[in-house]
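Remarks on the overall topology
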Amino acid sequence: MRPDTLGPRSEGPGETPPVDEALTTEEVPPERLASARTIAWARRRRAFGRMAKTYRKSPMGMWGLAILILFVLVAIFAPVISNKETMDPTCECTGAPLEPPSREFWFGTDNLGRSVYTQTVWGARISLTVGLAATLISMVIGALIGIAAGYYGGWLETGLMRLTDWFLVLPWLALAIVLASVLGRSLAIIILVIGITSWPSTARIVRAQALSVKTRPYVERSRGLGASNWHLISRHILPNVGPLIFANTILTVAIAILSESTLAFLGLGDPLSVSWGTMLDFAFSAGAASTGKWWWLLPPGLAIVLIVLAFTMCGFALDEILNPRLRER
Amino acid sequence: MPTVSPSRPDVPEPVLAVRDLHVRFAGRVGLWQGLRGVKAPDARAVDGVNLELYPGEVLALAGESGCGKTTLARTIMGLERPRSGDISFEGKPLGRSTRVLREYRRRVQMVFQDPTAALNPRQTIYESIAEGLRVHGITRSSAGESEEQLVARALSRAGMRPPERFFLNYPHELSGGQRQRVVIAGALVLDPEIIVADEPVSSLDASVRGEILKLLLGLRNDLNIAMLVVTHDLGLAWTIADRVAVMYLGRIVEIGPAESVLTNPIHPYTKALLEVVPEAGGIDRPFLAGEPPDPTSIPPGCRFNPRCPAVASGAAAGAGVLAACQEQDLGLQELRPDHFAACHLMSHEAGFASAPPPPPAKA
Amino acid sequence: MSVLSVRDLTVTYHTQAGPVPAVRGVDLHVEKGEVLGLAGESGCGKSTIVNGVLRLVPPKTKVTGTVELNGEDVMAMKPGRLRAVRWSGMSVVFQGAMHALNPVQRIGDQIAEAVVIHGEADEKGATVRAGALLEQVGLPPRRLRDYPHELSGGQKQRVMIAMALACQPDLVIADEPTTALDVMVQAQVLQLLKELQRELGLAMLFITHDLSVLVEVCDRLAIMYAGKIVEEGPSVPVFRDPKHPYTRALSGAFPQIGDRRFRMAPSGLPGDPPFPGNVPTGCSFHPRCPLAFDECPTIDPDLYDAGPGRTAACLLVPRGERVPVAP
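This report concerns the structure included in the present document. (Residues numbered from 1 in each chain as written. Chains lettered and ligands numbered in written order. Predicted model: local features only at pLDDT ≥ 70, side-chain atom pairs only at ≥ 80, totals over all residues. Heavy atoms only, no water.)

Moving on, we come to the interface of chain C and chain B. Taken together, the contact between chain C and chain B spans 45 residues of the former and 47 residues of the latter. Summed over both sides, the interface of chain C with chain B buries roughly 3,800 Å², with 56% coming from carbon and sulfur. Our count for the chain C to chain B interface comes out at two salt bridges. Measuring nitrogen to oxygen at the nearest pair gives 2.9 Å for the salt bridge that ties Glu259 of chain B to Arg260 of chain C. At the junction of chain C and chain B, the tally comes to 13 residue pairs in polar contact (both at pLDDT 80 or more). Secondary structure elements with two or more residues in the side of chain C that touches chain B: helix H5 (153-165), helix H6 (183-200), helix H7 (211-217), helix H8 (235-240) and helix H9 (245-252) of chain C. Ranked by the residues each element gives to the side of chain C that touches chain B, the list is headed by H6 of chain C, at nine residues. Of the residues that constitute the side of chain C that touches chain B, the class distribution is 20 nonpolar, 14 polar and 11 charged. (Contact = heavy atoms within 4.5 Å. Buried area = accessible area lost by both parts, 1.4 Å probe. Salt bridge = Lys/Arg side-chain N within 4 Å of Asp/Glu carboxyl O. Polar contact = N/O pair within 3.5 Å; in protein donor to acceptor, adjacent residues only side chain to side chain. Helix = DSSP H or I, 4+ residues; strand = E, 2+ residues; numbered from the N terminus. Nonpolar A, V, L, I, M, F, W, Y, C, P; charged D, E, K, R; others polar.)

All right, on to H9 of chain C then. Extensive coverage of H9 of chain C is indicated by the burial of eight of its eight residues. Every buried residue of H9 of chain C is listed here: Pro245, Tyr246, Thr247, Arg248, Ala249, Leu250, Ser251 and Gly252 of chain C. Residues of H9 of chain C that are buried make contact with helix H8 (206-223) of chain B together with H7, strand E9 (220-225), strand E10 (228-234) and H8 of chain C. (Buried < 20%, exposed > 50% of the residue type's maximum accessible area, 1.4 Å probe, protein only.)

Residue and element names in this part refer to chain C. The four strands lie next to each other as E2-E1-E4-E5, forming an open sheet whose pairing is antiparallel. The sheet is open, and its two edges are formed by strand E2 (18-30) and strand E5 (72-73), each paired on a single side. Pairing of strand E1 (residues 4-15) with E2 involves 10 bridges; the strand directions are antiparallel. Bridge pairing in E2 places Val11 opposite Val23. (Pairing = 2+ DSSP bridges.)

Turning our eyes to something else, we now look at helix H2 (residues 69-77) of chain B. Residue and element names in this part refer to chain B. When you tally the buried positions in H2, you get eight out of nine residues, the bulk of the element. Along H2, the residues classified as buried are Lys69, Thr71, Leu72, Ala73, Arg74, Thr75, Ile76 and Met77. Two residues or fewer after H2 comes Gly78, characterised by a positive phi angle close to 85 degrees.

Next up on the list: the nonpolar core. Of all hydrophobic cores here, the largest spans 120 residues; its most connected members are Leu51, Leu72, Ile129, Leu155, Ile194 and Val244 of chain B. With residues near it in sequence (within four places) discarded, Leu155 of chain B still touches Ile125, Ile129, Met160, Pro163, Phe166, Phe167, Val182 and Ala185 of chain B. (Core = buried A, V, L, I, M, F, W, Y, C linked by side-chain atoms within 4.5 Å.)

Our focus in this paragraph is the packing of helix H5 (residues 116-152) of chain A against helix H6 (residues 154-169) of chain A. All names here are of chain A. Two elements in contact, H5 and H6, have axes whose closest approach is 7 Å; the angle formed by their N-to-C orientations is 145 degrees. Considering the relative orientation of H5 and H6, their crossing is left-handed. Within the contact between the two elements, H5 uses Ile145, Ala148, Ala149 and Tyr152 and H6 uses Gly154, Leu156, Glu157, Leu160, Met161, Leu163 and Thr164. Along the lines of polarity and charge, the residues of the contact of H5 with H6 split into eight nonpolar, two polar and one charged. (Axes fitted to C-alpha atoms, helices over the stretch in contact; angles between N-to-C directions. Left-handed = near helix turned anticlockwise from the far one by under 90°.)

Attention shifts here to the sheet that holds strand E11 (residues 304-305) of chain C. Residue and element names in this part refer to chain C. Taken in spatial order, the eight strands of this open sheet run E6-E7-E8-E3-E9-E10-E12-E11, and their pairing is mixed. What marks the edges here is a single partner per strand, and that holds for strand E6 (90-93) and E11. Where E6 lies against strand E7 (residues 171-175), four bridges are found, and the strand directions are parallel. Paired with Val93 across the bridge in E7 is Ala174. Across the face of the sheet, H9 comes into contact with E9 and E10 while running at roughly 100 degrees to E9.

Taken as a whole, this structure holds 37 salt bridges over all chains when the rule is applied. Ionic pairing is found between Asp47 of chain B and Arg44 of chain B, a salt bridge with its closest N-O pair at 3.1 Å. On the accessibility criterion, Arg44 of chain B (29% relative accessible area) is partly exposed. A salt bridge links Asp300 of chain C to Lys228 of chain C, with the shortest nitrogen-to-oxygen separation between them at 2.8 Å. In this pair, Asp300 of chain C sits in the loop between H9 and E11 while Lys228 of chain C sits in strand E10, placing the two residues 72 residues apart along the sequence. On the basis of relative accessibility, which here comes to 23%, the residue Lys228 of chain C falls in the partly exposed class.

Next up, the structure:
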């Protein structure tokens, strides 16, 4: 049946189905529109689900995540999977010094007869704790300064950026040594040092992104609507800077763990706690490298490499998701 | 001076009035120049503009890029700060009062050129539209409608039906035309009196433009919303505008009823713009040479004189106004009922003395 | 023999979401000294045709059909021959010329580069040729030493045209050459293109979404929608008396000022142009067509004869129905 020649075919112009049928034809029943909060949560769940699906497709990301989960589990279940007393040299359960790997001591023993395996397992706790705590400090400071500098501009930005530059060139090793000698060696000092020397790079990246987001039309639209600075920062700048901060954080943790190992290796770590860095320190001091006691060096060294690798792989995979230009065709 | 004939008794009060507006962007010099004391000239983006917008009218602001039309629109929206001059809304000057400003921001809304960039990619459609309500702290309308109902109504008015279906979508899931409708819905949700549209359809596909323009026209007809449409496309002005203002280098050089301006232009610049619109078989059309000079170096006298075909052809000299064109700045003059132009030659031919230019920016 | 002859060209991109047919069987030909206009909106496949013809498609893209340049099969060319043909056989004036110029190289060098690469002259000779080309496009030769940022948009576009002519091609493909330009500058550039085309007897393929520009510049027009050509014929008749409803709607988007029918009456189509992976069944235009009827969703029309030298892919054409012109 032919309609009239000139009459429009459909009622509302918006009837045409949107582009991505699979995601949008789900009818939203009126009950679910109970409140704005419900909608916001529904949105967050969907966004997260989509991100997870893309992440699953990246082999690098999945492997990195697997290794990471493994280390976290090892750290959490350290008391279960190892006997803490084999770290105590006064315990009778320790073995003979410098024994190669055997059925009893899977990774062998160090020069005091302590189980290298137990030390490695418990060292995971230290490394992860320091890495995460230092990164938290670094991320919070970096994000605050970056957003403030990028959003407000003017004198504030200039001042903050000069501050950032100052901290950027601060030699973290010298600072660590000075602080350690003045305040004594402890985990807190290490966390502090790493935290305050790694925030500048985060701040710079965040500032650049905040600047770019600030000039986007949807932020201008919000400003035109009369939004306050707080509204603009919290509703627009932060969510668009957030993913960048998150990806950067993952990489910063890797660096923090590496830094902790370095400081510990140089003897600035907490002498009372066992981390992979201190293990390497003792091993080298005891001449394990020159006398071929590989079982003392390999586990902590390999652990550091693997965990840094895992964080880096996750970070790259996330970066691919969050930065669409990096995605392969 | 007003841009609509003050003698008409039936003209209502303008809903928006701009007086002697000047907007300047500071000049920038390189470090070396700066050290030597060289100061860069300011870019005079808007250089003395008077404009009124009447309730329910569609006013097209036309011109090439760099003429200042976008800057003018943004200044009206409060996104740029004028160097001097004032803006009044419903007769009340905006000034600095936050309360008046806030009210203004609710009743004057903007529609952007690129709908993709104008929507936050991380917010759902619902959130983008509801943002206006939330910024102004409106949780219920005066009739008791909830936020969802207001959002749904705005989406529906913008042609997206059924509105609930789009609530949870993200901008990238919609087409260009639909995104622009969402931006328009975001403007409608606050029940504005005025919509400022900056090139509302130029980034959309050609076949989609008509529907969006129909929507805008429908909003004017049904809701009596006044519209200031910034465009470089005179064909668009022909399609939807009641009045057309043509800008050149920061000034309005011609303003009047759309039919009069577009089919019977007075100012040589408008004539040149109209001749240049492509049409079938038109190969050897005359056009202006060169490109518009930049706003940091505005020529003396009538700012259009270096490119003016009337000057080049000798018509200005023949009428004895050449010296005026090259030395005397001028303002808009009513040369036909409600139709104003700033041209020495045309004023002379109509038997008027040229109108004085708008006052310069207060330092 | 046509300068460019394309028969049954299909280009299917390979994406994460599966194969996407951007061009679904296109025939076109450009004769020597003729300007063929290709009109269409986003997603119709017109830019893909340019890439397909020049074999600039990304790897894993499936291209079938015949493309012949002066009778020579482009698809079968060996890489060496292809490189030689690209630019000296056919060249392109790209969209967004502002960004196609290397910002750290003087424009004279960039123009000369094309000449030198094709072995048409040594460096000195190439610079002389570049100067001559600049004059041809209306710029003084002393601007050879300028950097791109010292030129305005219109001037950059002229440089792009000069580059396209550098190796004296038989065919010039202009992909949206004036889209980003002001109306005045657009008029200047169109005038230039027309003059050069006449002087040099070039064959030109002019691609844009702006139908009014095409009508001014082209001898023949082809309208594309969803990867296929839906109407073809001499430009003025196609514009003034379209046989396909889509052409009619597209021309309504560029109203003549002074045409009372369009005053306060914008005309457009509901919905949006389909994305290449999402083409409707039957006639791809039927969901948006104001004249669609029962058979439209089931039959995909061929290009039917619609008058002297004209074809249109609409089921109304063989029935002899006239597509009304008023909006």
